[in-house]
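# An overview of the molecular structure
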Amino acid sequence: MSTHEAHDAVDVIRTKRDGGRLSDAQVDWVVDAYTRGVVADEQMSALAMAILLNGMDRAEISRWTAAMIASGERMDFSSLSRPTADKHSTGGVGDKITLPLAPLVAACGVAVPQLSGRGLGHTGGTLDKLEAIPGWRAALSNDEMMRQLEDVGAVICQAGSGLAPADRKLYALRDVTGTVEAIPLIASSIMSKKIAEGTGALVLDVKVGSGAFMKDAERAGELARTMVALGTDAGVHTVALLTDMSTPLGLTAGNALEVRESVEVLAGGGPQDVVDLTLALAREMLAGAGRGDVDPADALRDGRAMDAWRRMIAAQGGDPDAPLPVARETEHVLAPADGVLLELDALAVGVAAWRLGAGRARKEDPVQAGAGVELHAKPGTVVRAGEPLMTLHTDTPERFARAREALADAVAIAPEGSRPADRPLVIDRVAAG
Ligand code: URA
């Protein structure tokens, strides 16, 4: 290590290992020195594990987040003629909500600068979904993004490499060192990117259940409270909704399949849970941006949200009228018995869609636009033995067997008259306080 460095990595690791709190100067130094390559990967791995085991207090997490923001550029939308609001979801199965939500909120007069990612593992990525639309491109320059926000009011694009580079490096390290699950690290990772992005208001959709990152409501609540505090400390109006991810959202999981369902919602139809969650999040975004007087349901009904969608897609080279890709092969999964569908497990459906080709195992893998799972029943539906419960879609039929394996225990059917557990879609709301 250079003799000019202000701190010693081993001291910082020992402080956290022994349950102490890191000083502001230690946090600033270790994040910056890691980004510069002065703190080695093995040292940051040890520190990340110490943080996972011993936690951080609110001030430490806030400082850590600020240091990650300071590692890169910050965007500024204050020159736009309208307020800005964004949404972040911690990821779920069939979670296509960003697609109808961004144009819907734009149609209500609030600009949506949505920097999104690609899917890894069983949860899909918004950019992968939109890339199913012929011609659509994810990479925009900052100038293009600004122009589109002013002209159309909504942009969904890839985050540039200049935003929180410390997080990119640290996230890749956490991924291979068993340290992803630390709440201070998850919260600072998500919020550093959202705060650097420069949105005025932020709504967090924190998923709870088998298909989510956080399987239980207690940990999801802690993550939500931590992120709301970070946003609030940074001057971003931040609210979180805890929402159910025990069963997939809507009736589709897979890229083009989810675009199709999103367009149905924008056309005034679509599955009720997708419509309800889109409207709940839109109301929060509008309220956070000072437009709580506007009812987004009107913009969904009268076609303004659809107009904004068409303009948003076309502005990024996409053809909103082009037919969406369709997988070459399909197979049905049949109901094994008569009765009421009690459970339809989100994780199993997500893994099946992933194995059919909708997701990727490594970040450089390609995805199949048409692959995924289409559901014909949701919990509470009466089903008959031998009727299709799901349709599996893929270009590569050798994948069907592994997808079926993932679905082996996905479904529970009970005698008619039974009722599934009452699971509200929105479980809780967390605001600053
Ligand atoms: N998403 C992120 O961006 N960071 C995390 O740490 C976890 C999920």
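Residues numbered from 1 in each chain as written. Predicted model: local features only at pLDDT ≥ 70, side-chain atom pairs only at ≥ 80, totals over all residues. Heavy atoms only, no water.

### What to know about the domain arrangement of the chain
As far as domains go, the chain holds domain 1 (9-70), domain 2 (85-161 + 168-321) and domain 3 (329-414). Measuring from the centre of the C-alpha atoms in domain 2 to the corresponding centre in domain 3 gives 24 Å. Across the boundary between the two partners, domain 2 contributes 25 residues, which contact 26 residues of domain 3. Both faces considered, domain 2 and domain 3 share a buried interface measuring about 1800 Å² in area, 57% of it formed by carbon and sulfur atoms. Contact with domain 3 buries surface across domain 2, with His122, Leu251 and Leu257 losing the most and accounting together for 25% of the total. Summed over the shared surface of domain 2 and domain 3, the result is three salt bridges. Residue Arg260 pairs with Glu374 through a salt bridge whose shortest N-O separation is 3.5 Å. At the junction of domain 2 with domain 3, the criterion picks out 13 residue pairs in polar contact (both at pLDDT 80 or more). Looking at the side of domain 2 that touches domain 3, the elements with two or more residues in it are β6 (252-253) and α11 (255-266). (Domains from an automatic or database assignment. Contact = heavy atoms within 4.5 Å. Buried area = accessible area lost by both parts, 1.4 Å probe. Salt bridge = Lys/Arg side-chain N within 4 Å of Asp/Glu carboxyl O. Polar contact = N/O pair within 3.5 Å; in protein donor to acceptor, adjacent residues only side chain to side chain. Helix = DSSP H or I, 4+ residues; strand = E, 2+ residues; numbered from the N terminus.)

### Notes on the side chain of Glu284
Residue position: Glu284 is located in helix α12 (residues 272-288). What makes Glu284 buried here is its relative accessible area of 14%. Apart from the residues within four sequence positions on either side, Glu284 is in contact with Val203, Val239, Leu241 and Arg429. (Buried < 20%, exposed > 50% of the residue type's maximum accessible area, 1.4 Å probe, protein only.)

### A short note on the site of the ligand
In the vicinity of the ligand, the contacting residues are Tyr171, Arg174, Ile186, Ser189, Ile190, Lys193 and Phe213. In the environment of the ligand, a nitrogen atom lies 2.6 Å from a nitrogen or oxygen atom belonging to the side chain of Ser189. One nitrogen or oxygen atom from the side chain of Lys193 is found 2.5 Å from an oxygen atom belonging to the ligand. Protein chains shield 85% of the accessible area of the ligand, which is 240 Å² for the free molecule. Taken together, the elements giving at least two residues each to the shell around the ligand come down to α8 (165-175) and α9 (183-197). In terms of residue count, the dominant contributor to the shell around the ligand is α9 (four residues). Looking at the shell around the ligand residue by residue, the class counts come to four nonpolar, one polar and two charged. (Near = heavy atom within 4 Å. Areas by Shrake-Rupley, 256 points an atom, 1.4 Å probe, with all protein chains shown as cover. Nonpolar A, V, L, I, M, F, W, Y, C, P; charged D, E, K, R; others polar.)

### Details of unusual backbone geometry
Look at Ala164: it is not a glycine, yet its phi comes out positive at around 45°. Checked against the element boundaries, Ala164 lands in the loop between β3 (154-158) and α8. Ala164 sits in the buried class, given a relative accessible area of 1%.

### Concerning α8
Turning to α8, its buried residues are Ala166, Asp167, Leu170, Leu173 and Arg174. End-on view of α8: buried residues confined to an arc of 130°, all on one side of the axis. Looking at the packing, one finds that the buried side of α8 touches α2 (24-36), α3 (41-54), α4 (58-70) and α9. (Arc of directions from axis to C-beta.)

### What to know about the nonpolar core
Membership of the largest hydrophobic core comes to 75 residues, with the highest contact counts inside it found for Trp309, Val373 and Leu407. Looking at this core, the element that brings in the most residues is α12, giving nine residues. Counting only domains with at least three residues in this core, you end up with domain 2 (85-161 + 168-321) and domain 3 (329-414). The residues contacting Trp309, other than those within four sequence positions of it, are Leu99, Pro103, Leu130, Ile133, Val259, Val263 and Leu266. Of all hydrophobic cores here, the second largest spans 59 residues; its members include Val27, Leu80, Ala187 and Ala220. (Core = buried A, V, L, I, M, F, W, Y, C linked by side-chain atoms within 4.5 Å.)

### Focus: the packing of aromatic side chains
Counted under the stated rule, the structure contains zero aromatic pairs. Across from the ring centre of Tyr34, 4.4 Å away, lies the NZ or CZ of Lys169, which sits over that ring. Lying across the ring of Tyr171, Lys193 places its NZ or CZ 6.0 Å from the centre. (Phe/Tyr/Trp six-rings, centres within 6.5 Å; stacked < 30°, edge-to-face > 60°. Lys NZ or Arg CZ within 6 Å of the ring centre and 35° of its normal.)

### A few points about empty space enclosed by the protein
All told, the structure shown has one cavity of 30 Å³ or more when counted by the stated rule. Listing elements by their share of the lining of the largest cavity, those giving two or more residues are α11 and α15 (346-358). For the lining of the largest cavity, the element with the highest residue contribution is α15, accounting for four residues. For the lining of the largest cavity, the residue count by class is six nonpolar, 12 polar and three charged. Domain assignment of the residues forming the lining of the largest cavity places at least three in each of domain 2 (85-161 + 168-321) and domain 3 (329-414). (1 Å grid on protein atoms, 1.4 Å probe; cavity = no way out; pocket = protein on both sides within 12 Å on 5 of 7 lines; lining within 4 Å. Points joined across faces, edges and corners; volume = space filled by probe spheres on them.)

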